[in-house]
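# Descriptive analysis of the structure
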Amino acid sequence: MTRPVLDVRDLKKIYGQGEATVHALRGVSVTVDRGDYVAIMGSSGSGKSTLMNILGALDIPTSGTYLLDGVDVSRLGDRQLAMARNRLIGFIFQSFNLIPRTSAVANVELPLAYAGVKPKERRKRAMAALDVVGLADRARHEPNQLSGGQQQRVAVARALVTEPALLLADEPTGNLDSRSTDDVLNVFDQLSSSGRTIVLITHEPEVGDRAKRLIRLVDGNIVTDQRQSPINQPPVGAFAGRHSL
Amino acid sequence: MSFYEVVRFALRGLSANKLRSALTMLGILIGVAAVILLVAVGNGSAKAISDRIEALGTNTITVMSTGRGGSSSTALTKDMADALVDPVLAPDVKSVSPVVSSSATVTYEGTDHDVSSFVGTTPGWFTASNTPVGQGAGFTADDEAQGRRVVVIGQTVAEELFPGVDPIDKQVTVGGALFTVVGVLDEKSSTGFQDANDTAVAPLTAVRQVLTGYGSLNSILVEAADPDKVDAVQSEVSTILDQKLNVTGTTTPYRIQNASQLLATQTETADTFTTLLGAVAAISLLVGGIGITNIMLVTVTERTREIGIRKALGAPRRVILTQFLIEATLLSVIGGALGVAAALIGSSFEIVGVKPVIVPSSVGLALGVSIAIGLFFGGLPASRAARLRPIDALRYE
């Protein structure tokens, strides 16, 4: 087995000082191997969003180590951190976070542009990524011309276009109706089947059920960590999801 | 990521928000144009004032009688004028022109025109009073001595009496006598409300004979040999006149008007005026600058979230900063250039009766200050946002 994609040890995050101190994470340790599909569940305030932001290198932990693909993220400078976000991580937000008034394909191209890919190659790869999420025919549309589900699929395309080691999704279905949720989850199942490493957080059980591994977070601690299906096979949740329709 | 790519990003950023970009540019445009135009109007009016005074001639003094009525003891006479031409007592005098004037009706082939100032004088008056003859010629000393009835008319008179006809050598009737037109004066800028072109100039002897009679002179125009000698000429003239008029006290029966004194006073006034307008321009530059500051801060702060997204996608701080600096530069430079263009167009029109004259340094100053402000206040919030942790930039509302 190669080194894990994600190796987090004793991660703590403390907000505020004195009386107002909030322990968002109280020492989380978790390892995610290549090809895994992990759902982190927890109620509001359990620290799952904080964990996600630290994993996405958007925020820094108060203490603990975080190795991403074998690289210690806390030791990286601004430039290297930017490069890590660009090459190693594909981040999908709850609120999509597409650049407004910019076409879908231009949004998907953005990480490639920051990676220094040539315009022609960029366009080709962006269109391929949009094709994966089934939106190649909407490439020219601007975000406000797309439905929520479509916007989130554009965001997924943007996250996977750089072929990152890790896809992180922060409540990707939180703002979507059940139909759009299903569209987005099918994309995740498909990506997982093709061997991508995915970590998502959610509070919806039907989303968590489709992952290969389910971690429950309560008050900044991991309380359960259970494997739902083998790491080297397509996620069983995919078929369960389809049957239930 | 190449610089060229960043420029393309900046252009896309500007075109994605056309209305906001246009409004930002409008703000800068107004700031720049206002400053340039204000200074130009101030400069234009100062220039207009000094032009009018220079038109009077700067190296002359005018002697006028203060006596009311025809009291012979205080009147200026031809004798006195002749006495001023004295190389011993008045070495700095270049020429002396006795002047009589009255209004007169000039008739040509049944067309009447009332000339408000029909001047009788000597040939030296043309140069002394800075009134060159444009077409034809002035009269000569011989004409003056012989009392020939020749006349040089002003532009207004020429237009009124000879529309579309060459007035030279035509005969006009003035006060029952025939005068031959020998020349037309150059167009002159008007002082005050009187039309300076509504005039006719004829030899002193002829005018006295026909119109005014042999009474006193209206004034004596004395030209100094050098503009610096005007004050010396003034004292020489008063010495001679005091002798002639037996003046003993401090009140003289004549008054000397010194054009260079007038010019000095007026220049001082114009300078004060320019200072005032400079202050107004400085304030409008400040206000314009605050406007630019405001719109730049809002524009960039509003995009903090976008900066967060870009950082999360792996944009290095330098690339974000460069993009926003290029956007700010483009906005300020294009807005500033349009402002200069607007000011240049605006300055070709008369504004409340003043023809604005652009001061080049005001263009540079207005443009420089607005671009500097635009860059600073566009760059500052962008660099602040680029330094934020992505999560903080994303949460920014």
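Residues numbered from 1 in each chain as written. Chains lettered and ligands numbered in written order. Predicted model: local features only at pLDDT ≥ 70, side-chain atom pairs only at ≥ 80, totals over all residues. Heavy atoms only, no water.

As annotated in an unreviewed UniProt entry, chain B carries the name Putative ABC transport system permease protein and is attributed to Paractinoplanes atraurantiacus. Under the Sequence similarities (unreviewed entry) heading, UniProt states for chain B: "Belongs to the ABC-4 integral membrane protein family." UniProt, in its Subcellular location (unreviewed entry) section for chain B, records the words "Cell membrane". (UniProt positions renumbered as here; feature names shortened; annotations may be inferred.)

Where an unreviewed UniProt entry is consulted, chain A appears under the name Putative ABC transport system ATP-binding protein, with the organism given as Paractinoplanes atraurantiacus.

Reports of interface size often rely on the accessible area that becomes lost once the parts have come together. Contacts between the two partners involve 26 residues from chain A, matched on the other side by 26 residues from chain B. Overall, the association of chain A and chain B removes approximately 2,400 Å² of surface from exposure, summing both partners, and the carbon and sulfur fraction of that is 56%. Inspection of the chain A/chain B interface yields 4 salt bridges. The residue D59 of chain A makes a salt bridge to R389 of chain B at a minimum N-O spacing of 2.7 Å. Breaking the side of chain A that touches chain B down by element, the ones donating at least two residues are α2 (78-87), α3 (104-115) and α4 (119-132) of chain A. Of the residues that constitute the side of chain A that touches chain B, the class distribution is 14 nonpolar, 4 polar and 8 charged. (Contact = heavy atoms within 4.5 Å. Buried area = accessible area lost by both parts, 1.4 Å probe. Salt bridge = Lys/Arg side-chain N within 4 Å of Asp/Glu carboxyl O. Helix = DSSP H or I, 4+ residues; strand = E, 2+ residues; numbered from the N terminus. Nonpolar A, V, L, I, M, F, W, Y, C, P; charged D, E, K, R; others polar.)

As a general point, the strands of a sheet are linked pairwise by backbone hydrogen bonds and lie either parallel or antiparallel. Residues and elements named next belong to chain A. Across the sheet, 4 strands lie side by side as β2-β1-β4-β5; this open sheet has antiparallel pairing. At either margin of the open sheet sits one strand with a lone partner, and together these are β2 (22-32) and β5 (71-72). As paired strands, strand β1 (residues 6-15) and strand β4 (residues 63-68) are joined by 5 bridges and run antiparallel to one another. Across the sheet, K12 pairs through a bridge with S63, a residue of β4. (Pairing = 2+ DSSP bridges.)

Let us now look at the UniProt feature "domain: ABC3 transporter permease C-terminal" (unreviewed entry) in chain B. The positions that UniProt labels "domain: ABC3 transporter permease C-terminal" (unreviewed entry) are, in the present scheme, residues 279-388 of chain B. Taken end to end, residues 279-388 of chain B is 83% helix and 0% strand, and its two terminal C-alpha atoms sit 41 Å from one another.

All right, on to a nonpolar patch on the surface then. Residue and element names in this part refer to chain B. A cluster of nonpolar side chains, namely L19, L23, L26 and I30, defines an oily patch on the protein surface of about 400 Å² accessible area. Checked against the element boundaries, L19 lands in helix α2 (residues 18-55). Residue class for L19 comes out exposed when judged on its relative accessible area of 64%. (Patch = residues over 30% accessible without salt bridge, like charges linked within 9 Å, V, L, I, M, F, W, Y side chains within 5 Å. Areas by Shrake-Rupley, 256 points an atom, 1.4 Å probe, with all protein chains shown as cover. Buried < 20%, exposed > 50% of the residue type's maximum accessible area, 1.4 Å probe, protein only.)

Examined at the domain level, chain B breaks down into domain 1 (3-52 + 265-395) and domain 2 (67-252). Of note, the centres of domain 1 of chain B and domain 2 of chain B, computed from C-alpha atoms alone, are 56 Å apart. (Domains from an automatic or database assignment.)

Residues and elements named next belong to chain A. Here 6 strands make up an open sheet; going across it, the order is β6-β7-β8-β3-β9-β10 and the pairing mixed. Taken across any chain shown, the strands that pair with only one partner, and hence form the sheet edges, are β6 (89-92) and β10 (221-227). Between one strand and the next, the sheet's axes are offset by a mean angle of 15°, whatever the strand orientation. Relative to β10, strand β9 (residues 213-218) is paired through 6 bridges, and the arrangement is antiparallel. Within β10, the position partnered with I215 by the bridge is D225. In the packing of helix α5 (residues 148-160) onto the sheet, the strands contacted are β6 and β7 (166-170), and the crossing angle to β6 comes to about 170°. (Axes fitted to C-alpha atoms, helices over the stretch in contact; angles between N-to-C directions.)

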